[in-house]
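# Breakdown of the fold
Read off the chains here:
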Number of protein chains: 2
Amino acid sequence: MVEVNGNFYNLKKNYLFVEIEKKVNEYVSKNPNADIIRLGIGDVTLPLCPVIIEAMHDAVDEMAKKETFKGYGPHEGYKFLREAIADYYKKYNVSISSDEIFVSDGAKSDVSGILDIFSSNGNVLIPDPAYPVYVDAAVMSGRNIVYINADESNNFLPLPDYNIEAGIIHLCSPNNPTGAVYSREQLKQWVDYAKKNKAVILFDAAYESFIEDENLPHSIFEIEGAKECAIEFCSFSKNAGFTGVRCGYAVVPKELEINGQSIRDLWARRQSTKFNGASYITQRAAFVALSNEGQEQINKSIEYYKENTKILSKVFSELGIWSIGGKNSPYLWIKCPNNMTSWEFFDYLLEKLNIVGTPGSGFGKNGEGFLRLSAFGSHESTAKAVERLKTIKF
Amino acid sequence: MVEVNGNFYNLKKNYLFVEIEKKVNEYVSKNPNADIIRLGIGDVTLPLCPVIIEAMHDAVDEMAKKETFKGYGPHEGYKFLREAIADYYKKYNVSISSDEIFVSDGAKSDVSGILDIFSSNGNVLIPDPAYPVYVDAAVMSGRNIVYINADESNNFLPLPDYNIEAGIIHLCSPNNPTGAVYSREQLKQWVDYAKKNKAVILFDAAYESFIEDENLPHSIFEIEGAKECAIEFCSFSKNAGFTGVRCGYAVVPKELEINGQSIRDLWARRQSTKFNGASYITQRAAFVALSNEGQEQINKSIEYYKENTKILSKVFSELGIWSIGGKNSPYLWIKCPNNMTSWEFFDYLLEKLNIVGTPGSGFGKNGEGFLRLSAFGSHESTAKAVERLKTIKF
C-alpha cells in the first residue's frame, strides 16, 4: 500500500504565484478588454542580449553537426561555465574553485533540492516574509520551521537570536520580497551564529547584480568564515533574463563539513542521481553572459529595470505611501495605504487600476499590510502604471 | 545544529556512470593514445534532426525580440507541447488530457522527484537489475527496497509475487539495462497486482520509441485499469537525441487517487514549488520532434542506431557469447564469457579492446556476470568495435 506524503496537507493549497495567476485570469475572463499591467511575479521582460542570442545560435549549430554535437554533459555543469563563474567571483575578491560550483536548471530547483542532503531533524530558520519556496520545501519534507521577524523595527533585516537553535538558515540578500540588503557586518553576525550553532546558511544571492552600493556584499563568501558554514545559490534569471532559458548554480565550498562529512561531496552525489545537467545551449548562453561583452549588455538591462523602480518609488513617495527597496534590488516593498490588507490592496490595484502586484501576506505574516511591485516591466507599462497610480484617492 | 541525511551513507559511493567515467579517465591518462570506443552510457551521438535545429533557431530568435520574448513558462510546460504529447499518445489509442502531462528537464529528475509526494513508509519494489536512479533515490529518502529477480529464468521480465507487499513499483519497459520488453498480458498482471495492493506503478517508458514489434505496448496506459494505479515517465533523450538538450515528461492521470487525494494535484503542487519549467527553446524543439516531419527524421536516427545492435548482436552470436535485447531497445545485454564477473569483463574490454561497456553488476546483483552495450555509437565506431570483438579469444 502506498500512502501520500502527509506533509503536503500542511501546505497552503496553491503556490503563491499560481494563486495570483488564477485571480488575474478570473478577472480577465470577466473583463476581457482590461489592459492589465503585470508588476507581480518577478519575471523579466527585456529580450536576451545580442551576444547571448549569438552564442545560442552557435550552440544550436553545434548540435546540428556530428563533430560538435553534445549529448549528456557533466551533471555539475560544463567546466567552461564553472570556470567562468569562479572568475566572476574574483570581482568580489572571493576565491571559489570550479569544482565547488554546481550548475543547474535554476536556483529554485537547488534551494529546494538541497534539503535532500540534510536530516529533517532540527529547525529551519526562515525570516518572515520570505520567498515561499523556502517554506514550502521545508514543509514538504516535514521539517520544523522557526520564523524570525523581518519588519519595520529591523528594517526587514533580522539578525540572529541566540535563544533560537537552528540547523538550516535561509537568508536572501538582496531580499525577495522586501528588497532589503544585509551589510557585511550583519552577515558576519549570521556567520558567527551559524558556526556557534553548527548550522548551515543557505544564502540566496539571486539578486546580487542589482546591488549598486559598493559597501554591500554580493556574496556571503565575502564574509570571513562563511565557507565553513554556507552554501550560496545564484541564478542567471534576473540579471541575464534567463527566466525562460533556465540556468542557476550552487556554490558548495570544500571547507563546509558536518561531522567530517564533505557537504560538497553529498551534493555532488545528490545531483548525479537526481539531475542530468543543464542544457548545453543554455550553458553556452550563461558562459557568454559572464564575458565582458555579456556583462556590459546585461548591465544595460539592469539599469533599464532600475529606472522602473525609480519612477515607482517616486510616485508612492508623492502619494505619501511608505515604500522601501528598489535601489539595490528589483523589488519595491510598499506599505498598503488606508490599513488595507495585502489582498485588499492587491484587489484594489487589480480591479481599479488593472495593475498586478504581489500581496505581501503571501510571503508570510510580516508581509501582511504590504505589497511587492517588481521592476521587470517595460518602461512604457511602468510609466502607464505610474499614471494610474497617481489617481489613487482615499 | 544541522545533521547530514544519514540515508546517504547507505548509498554506494559513486553513481554508476561516474564510477565508469573515473575508470576510463584513469585508463586514458595512462594510455593517452588509446582509441576508446564508448558503448557504455546510453548517450546518443547523432546530431539533432534538421527540423529540430530549425525550430531551435526560431525559438532563439523569439528570445531576441521584446514582442516574442518568453520569460517564466508554466511549471507544467507550455500547452502547445502538452497537447502535442497528448496527440502522440493517440497513436497508441491512449487518451490522455494535456493537463495530465507535466513537462520537465528530463525523466531522471521526474522519476526521482516523484518520491517526494509519497510517504516513505511502505516498500519500494524494484526489479533487479535496474536503472540505478530508482535504487539511489529510494535509499536517499530512507525507503525500504524489496527487489524482485529479473534473470534468465524469467527472461528478465519478472512478474508480480503476491507474497510481497509493495507501495511503489518501478517498472521499465523496454528495460534498461536488459532490453527486455513486457507484453500487454504481463503488464496487465502488474496493473492487477498494483490495484490489489493499492500500490502505484512508476512506469519508465524512456525507450518506447525503439519498440518495433507491433504487439508490444509502448505505454502502460494501453493496459486497462492502469490510469488508476500508474504514472508514466518519458523522455526526448533517446528518440530525439535530447540528452544534452534536456526534456522529459510525466503523465499523471486524474483517475489516480490515494485515499481520495488526487496524485496529479500533488505532483502539480510539488512541481510548482521545486521546479520552474523547462527551457522555452527546448520545449519548441520537443514540439517539433513530435510533428510528422520530426517523427520521420527521428525514426531515421532510431533505425541508424538499430543497425548497431544488429551487428553487435551478430558478432556475439558468432563468438558463441549469449546476448539478448537490441530488437525493441537500444541495449544489448551480454552474458560475460568465461565466467568473468561484470567488472572483469568491463576491464577486459577496456584494456584489451579499448571498448567501454557498462558492467551489469552496476545495475544490481542479477546483473552480475552480464554487461550492457549501447546502440548509440556511430556506425563507424560500432563497426570498429565489432572488428575488435572478433579477436576475443579465451
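Anything mentioned here points back to the structure above.
Before going into details, it helps to say that this report is about the structure given with it. The structure displayed is predicted, hence computed values, not measured ones. (Residues numbered from 1 in each chain as written. Chains lettered and ligands numbered in written order. Predicted model: local features only at pLDDT ≥ 70, side-chain atom pairs only at ≥ 80, totals over all residues. Heavy atoms only, no water.)

## Side note on the overall build of chain A
In terms of helices and strands, chain A carries 11 helices and 15 strands. Dimensions of chain A along its principal axes, counting C-alpha atoms only, are 60 × 55 × 55 Å. Going through the 394 residues of chain A one by one, you find that 66% of them count as buried. Sequence-distant contacts, at least 24 apart, represent 74% of the contacts inside chain A between residues at least 6 apart. Approximately 14400 Å² of chain A is accessible, and the part contributed by carbon and sulfur atoms is 46%. Side chains of chain A give 42 positive and 50 negative charges; the mean places of these two sets differ by 3 Å. (Helix = DSSP H or I, 4+ residues; strand = E, 2+ residues; numbered from the N terminus. Buried < 20%, exposed > 50% of the residue type's maximum accessible area, 1.4 Å probe, protein only. Contact = heavy atoms within 4.5 Å. Areas by Shrake-Rupley, 256 points an atom, 1.4 Å probe, with all protein chains shown as cover. Lys, Arg positive; Asp, Glu negative; His and termini not counted. Charge placed at Lys NZ, Arg CZ, Asp CG, Glu CD.)

## Quick notes on the interface of chain B and chain A
Between chain B and chain A, the residue contacts involve 81 residues of the former and 82 residues of the latter. It is Val2(B), Tyr72(B) and Arg269(B) that lose the most area in chain B upon contact with chain A, and together they represent 12% of the buried surface on that side. Counting across the chain B and chain A interface gives 4 salt bridges. Among the salt bridges present, the one from Arg269(B) reaches Asp136(A), with a minimum N-O distance of 3.2 Å. Here chain B and chain A share 41 residue pairs in polar contact (both at pLDDT 80 or more) between them. Among the elements of the structure, helix H2 (50-63), helix H4 (107-113), helix H5 (132-140), helix H7 (263-274) and helix H8 (280-289) of chain B are those that each provide at least two residues to the side of chain B that touches chain A. Along the lines of polarity and charge, the residues of the side of chain B that touches chain A split into 38 nonpolar, 23 polar and 20 charged. (Buried area = accessible area lost by both parts, 1.4 Å probe. Salt bridge = Lys/Arg side-chain N within 4 Å of Asp/Glu carboxyl O. Polar contact = N/O pair within 3.5 Å; in protein donor to acceptor, adjacent residues only side chain to side chain. Nonpolar A, V, L, I, M, F, W, Y, C, P; charged D, E, K, R; others polar.)

## Section: the pairing of strand S6 (residues 200-204) of chain A
All names here are of chain A. Within S6, 5 of the 5 residues are buried, which leaves the element mostly enclosed by the surrounding structure. Residues of S6 alternate between two faces, with Val200, Leu202 and Asp204 on one and Ile201 and Phe203 on the opposite face, all of them buried. Crossover connection from strand S5 (residues 168-172) via helix H6 (residues 184-197) to parallel S6: handedness right-handed. Here 4 bridges tie S6 to strand S7 (residues 230-235), and the two strands are oriented parallel to one another. Bridging across to S7, Ile201 finds its partner in Ala230. (Right-handed = clockwise from strand over helix to strand, strands pointing away. Pairing = 2+ DSSP bridges.)

## Describing the state of the cysteines
Under the definition given, this model contains 0 disulfides over all chains. Between Cys247(A), a cysteine without a disulfide, and Cys234(A), which holds the nearest cysteine sulfur, the sulfur-to-sulfur distance is 11 Å. (Disulfide = S-S within 2.5 Å.)

## Let's talk about empty space enclosed by the protein
This model, assessed by the stated rule, comprises 9 cavities of 30 Å³ or more. Of the pockets and cavities examined, the largest cavity occupies roughly 220 Å³. What lines the largest cavity is a set of 20 residues, among which Ser109(A), Arg270(A), Lys274(A), Ser109(B) and Lys274(B) lie closest to the centre. Of all the secondary structure elements, the ones that give two or more residues to the lining of the largest cavity are helix H4 (107-113) and helix H7 (263-274) of chain A together with H4 and H7 of chain B. The class makeup of the residues in the lining of the largest cavity is 3 nonpolar, 9 polar and 8 charged. The computed volume of the second largest cavity comes to approximately 90 Å³. Taken together, 15 residues make up the lining of the second largest cavity; nearest its centre are Asp105(A), Arg246(A), Ser279(A), Asp105(B) and Arg246(B). A class-by-class count of the residues in the lining of the second largest cavity yields 5 nonpolar, 6 polar and 4 charged. (1 Å grid on protein atoms, 1.4 Å probe; cavity = no way out; pocket = protein on both sides within 12 Å on 5 of 7 lines; lining within 4 Å. Points joined across faces, edges and corners; volume = space filled by probe spheres on them.)

## Observations regarding the pattern of salt bridges
Summed over the entire model, instances satisfying the criterion amount to 44 salt bridges over all chains. Salt-bridge contacts for Glu380(A) lead to Lys66(B); the nearest nitrogen and oxygen are separated by 4.0 Å. Taken together, the residues span two chains, with Glu380(A) in helix H11 (residues 379-389) and Lys66(B) in the loop between H2 and helix H3 (79-90). Residue Lys66(B) is classed as partly exposed on the basis of its relative accessible area, which comes to 32%. With its nearest N and O atoms 4.0 Å apart, the salt bridge here joins Glu83(B) to Lys79(B). Of this pair, Glu83(B) and Lys79(B) both sit in helix H3, separated by 4 residues, roughly a single helical turn. For Glu83(B), a relative accessible area of 39% translates into the label partly exposed. Connected through shared salt-bridge partners, Asp35(A), Lys384(A) and Arg388(A) make up one network.

## A word on the relation of the copies chain B and chain A
Each copy of the sequence occupies a distinct position, and chain B is placed on chain A by a rotation of 180 degrees and an axial shift of 0.0 Å, giving an RMSD of 0.0 Å. Such values leave the two copies arranged in the relation of a two-fold axis. Of every C-alpha in chain B, the one belonging to His57(B) sits nearest the axis of rotation, 3.1 Å from it. In this assembly the copies share their binding face: 100% of the residues contributing to the interface of chain B also contribute to that of chain A. (Least-squares fit on C-alpha atoms with pLDDT ≥ 70 in both.)

## Considering the sheet that holds strand S15 (residues 370-374) of chain A
Note on sheets: strands pair through backbone hydrogen bonds, and any given pair is parallel or antiparallel. Residues and elements named next belong to chain A. The strand order across the open sheet formed by 4 strands is S11-S12-S15-S14, and the pairing between neighbours is antiparallel. Edge strands, defined here as strands with exactly one partner in the open sheet, are strand S11 (323-325) and strand S14 (358-359). Note: S11 against strand S12 (residues 331-335), 3 bridges, orientation antiparallel. Bridge assignment links Gly325 to a residue of S12, and that residue is Leu332. Running over the sheet, helix H9 (residues 292-319) touches S11, S12 and S15 and is turned about 10 degrees from S12. (Axes fitted to C-alpha atoms, helices over the stretch in contact; angles between N-to-C directions.)

## Side note on the sheet that holds strand S11 (residues 323-325) of chain B
All names here are of chain B. The strand order across the open sheet formed by 4 strands is S11-S12-S15-S14, and the pairing between neighbours is antiparallel. Of all strands in the sheet, those with a lone pairing partner are S11 and strand S14 (358-359), marking the two edges. Lying on the sheet, helix H9 (residues 292-319) is in contact with S11, strand S12 (331-335) and strand S15 (370-374); it crosses S12 at an angle near 10 degrees.

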